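Architecture at a glance
Take a look at the letters that make up each chain.
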Amino acid sequence: PLPLLLRTEEAGGDDTGVPVRLTLGQMRHTKVKNKFRVGVFREWMEATFGVARMREGSGVLDVAGGKGELALQLVHMSKVPATVVEPRRLQLATFHKRLARGFYP
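The numbering scheme is per chain: residues are counted from 1 as the chain's sequence reads. Totals for whole chains, interfaces and linings use every residue, but because this is a predicted model, local features are given only for residues with pLDDT of at least 70 and side-chain atom pairs only at 80 or more, for both listing and counting. Side-chain numbers come from the whole structure's heavy atoms, not from hydrogens or water.

All right, on to the pairing of strand 3 (residues 60-63) then. Every second residue of strand 3 is oriented toward a common face, the buried set being Val60 and Asp62 and the non-buried set Leu61 and Val63. Across four bridges, strand 3 lies against strand 4 (residues 82-85) in parallel orientation. In the strand pairing of strand 4, Asp62 is matched with Val84. Between the parallel pair strand 3 and strand 4, the chain is carried across by helix 3 (residues 69-77), and the sense of this crossover is right-handed. Only protein chains enter the accessibility calculation, which uses a 1.4 Å probe; a residue is then buried when its area is under 20% of its type maximum, exposed when over 50%, and partly exposed in between. The numbering of helices and of strands both runs from the N terminus, where a helix is a DSSP run of H or I of at least 4 residues and a strand a run of E of at least 2. We treat two strands as partners when DSSP finds at least two bridges between them. Place the viewer so that the strands point away; then a crossover is right-handed whenever the path from the first strand over the helix to the second strand goes clockwise.

What follows deals with the side chain of Arg42. Examined against the element boundaries, Arg42 turns out to sit in helix 1 (residues 37-49). As used in this structure description, the phrase polar contact means that two N or O atoms lie within 3.5 Å; if the pair is within protein, one of them must be able to donate a hydrogen and the other to accept it, and residues adjacent in sequence are counted only when both atoms belong to side chains. In terms of polar contacts, Arg42 uses its side chain to reach the side chain of Gln73, at 2.8 Å. Setting aside its immediate chain neighbours within four residues, Arg42 contacts Leu70, Gln73, Leu74, Met77 and Ser78. Only heavy atoms matter for contacts: two residues are in contact if any of them lie within 4.5 Å across the pair.

Bringing the pattern of salt bridges into the picture now. By definition, a salt bridge exists where a carboxyl oxygen of Asp or Glu is found within 4 Å of a side-chain nitrogen of Lys or Arg. Overall, the coordinates contain three salt bridges when judged by the stated rule. Note that Glu46 is salt-bridged to Arg42, the shortest N-O span being 3.0 Å. Taken together, the residues span about one helical turn, with Glu46 and Arg42 both in helix 1 at a distance of four residues. Judged by relative accessible area, which is 22%, Glu46 ranks as partly exposed. In this structure Arg42 comes out as buried when scored by relative accessible area, which is 8%. The partner of Glu86 in a salt bridge is Arg88, and the shortest N-O contact between them spans 3.2 Å. Exposure remark for Arg88: the relative accessible area of 61% places this residue in the exposed category.

For the rest of this paragraph, the subject is the packing of aromatic side chains. The pairing test for Phe, Tyr and Trp rings, Trp by its six-membered ring, is centres within 6.5 Å, and the orientation test on the planes gives stacked under 30 degrees, edge-to-face over 60, and tilted for anything in between. If you walk through the whole model with that rule in mind, you get two aromatic pairs. Ring geometry for Phe41 versus Trp44: centroids 5.7 Å apart, planes at 15°, classification stacked. Highlighted residues: Phe41 and Trp44, both in helix 1, separated by three residues, approximately one helical turn. Measuring from ring centre to ring centre gives 5.8 Å for Trp44 and Phe49, while their planes differ by 85°; the resulting arrangement is edge-to-face. Given the relative accessible area of 45%, Trp44 is considered partly exposed. Among the aromatic side chains, those forming a connected cluster through ring pairs are Phe41, Trp44 and Phe49.

Right, let's talk about the packing of helix 3 against helix 4 (residues 93-100) for a bit. Lines fitted to C-alpha atoms define the axes, with helix axes restricted to the stretch in contact, and inter-axis angles between N-to-C directions lie between 0 and 180 degrees. Two numbers describe how helix 3 lies on helix 4: the axes approach to 10 Å, and their chain directions differ by 35°. Between helix 3 and helix 4 lies a crossing of right-handed hand. Judged by residue contacts, Glu69, Leu72 and His76 of helix 3 engage Phe95, His96, Arg98 and Leu99 from helix 4. For the contact of helix 3 with helix 4, a count of residues per class yields three nonpolar, two polar and two charged. For any helix crossing, the convention is left-handed if the near helix is rotated counterclockwise from the far helix by under a right angle, and right-handed if that rotation is clockwise. Each residue is assigned to one of three groups, with Ala, Val, Leu, Ile, Met, Phe, Trp, Tyr, Cys and Pro labelled nonpolar, Asp, Glu, Lys and Arg labelled charged, and all others, Gly among them, labelled polar.

In short, geometric facts, not functional conclusions.
Take a look at the structure:
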């Protein structure tokens with residue numbers, strides 16, 4: 001397996017800053033149900049890039065955006081402009097119903 005270096009505090013160690021080497025087999029991932037996957041990804045984007053940065057310029061470009069749920073969440077929940085590039089027709093009806101019912105906080 002490929003090794004992964006983490007700062008010790010990320011690996012649950014002390015705060016010395018010495019890297020800890022983990023293999024992929026040692027890492028544990030939290031299983032996310034598919035219907036919540038886009039929300040988790042949006043939250044990761046916000047934490048990684050910051051909402052202010054994503055609002056700069058024309059916003060976020062979602063290439064191969066599938067059904068368009070990420071763009072819908074970015075626009076309605078994070079107030080981030082988003083553009084979807086997708087060769088197929090977007091299927092937003094389901095997500096608009098969820099939005100109207102308060103599924104998205």
